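# Tertiary structure, described
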Amino acid sequence: METWRVVATVLLATAGLPLVLVLMAKARDRTSSSGTVAVTGAVTLVVLLLLGVVMLTVLPGVLTWAVVALVAAALSVMMLAS
């Protein structure tokens, strides 16, 4: 496994975990339902984990770094908007 894949996956996790929390908070604000919050968190976390595995194994380099940049940008926008 190449080093750049590991670095990209760590960066994805670094930006992705706070993103899960932000999405859960937004779901709580919109619905006030703990079930919806739990489902939102679970789905986001599973997608993040699957994306990390795909990035570690088969995703091309350009796409890998594009995904990292997209997740970091989404987190930045959501943090600034709240």
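Residues numbered from 1 in each chain as written. Predicted model: local features only at pLDDT ≥ 70, side-chain atom pairs only at ≥ 80, totals over all residues. Heavy atoms only, no water.

### Digging into the confidence of the model for the protein
Mean pLDDT for the protein: 93, with 100% of residues reaching 70 or above. Looking over the protein, one finds the lowest element-wise mean pLDDT in helix α3 (residues 61–81), namely 93, and the highest in helix α2 (residues 34–57), namely 95. (pLDDT = per-residue confidence, 0-100. Helix = DSSP H or I, 4+ residues; strand = E, 2+ residues; numbered from the N terminus.)

### Topic: helix α1 (residues 3–31)
With 29 residues, α1 extends 42 Å from end C-alpha to end C-alpha; this agrees with the ideal 42 Å at 1.5 Å per step. Within α1, burial applies to Arg 5, Ala 8, Thr 9, Leu 12, Ala 15, Gly 16, Leu 19, Val 20, Val 22 and Ala 27. Ser 32 sits one or two residues past α1 and shows a positive phi near 55 degrees. (Expected span 1.5 Å × (residues − 1). Buried < 20%, exposed > 50% of the residue type's maximum accessible area, 1.4 Å probe, protein only.)

### Concerning the packing of α1 against α3
Remark: α1 packs on α3, axes separated minimally by 9 Å, with the N-to-C direction vectors making an angle of 30 degrees. In terms of their interaxial angle, α1 and α3 are classed as roughly parallel. Here α1 runs over α3; the crossing is left-handed. (Axes fitted to C-alpha atoms, helices over the stretch in contact; angles between N-to-C directions. Parallel < 35°, antiparallel > 145°, perpendicular 65-115°, else oblique. Left-handed = near helix turned anticlockwise from the far one by under 90°.)

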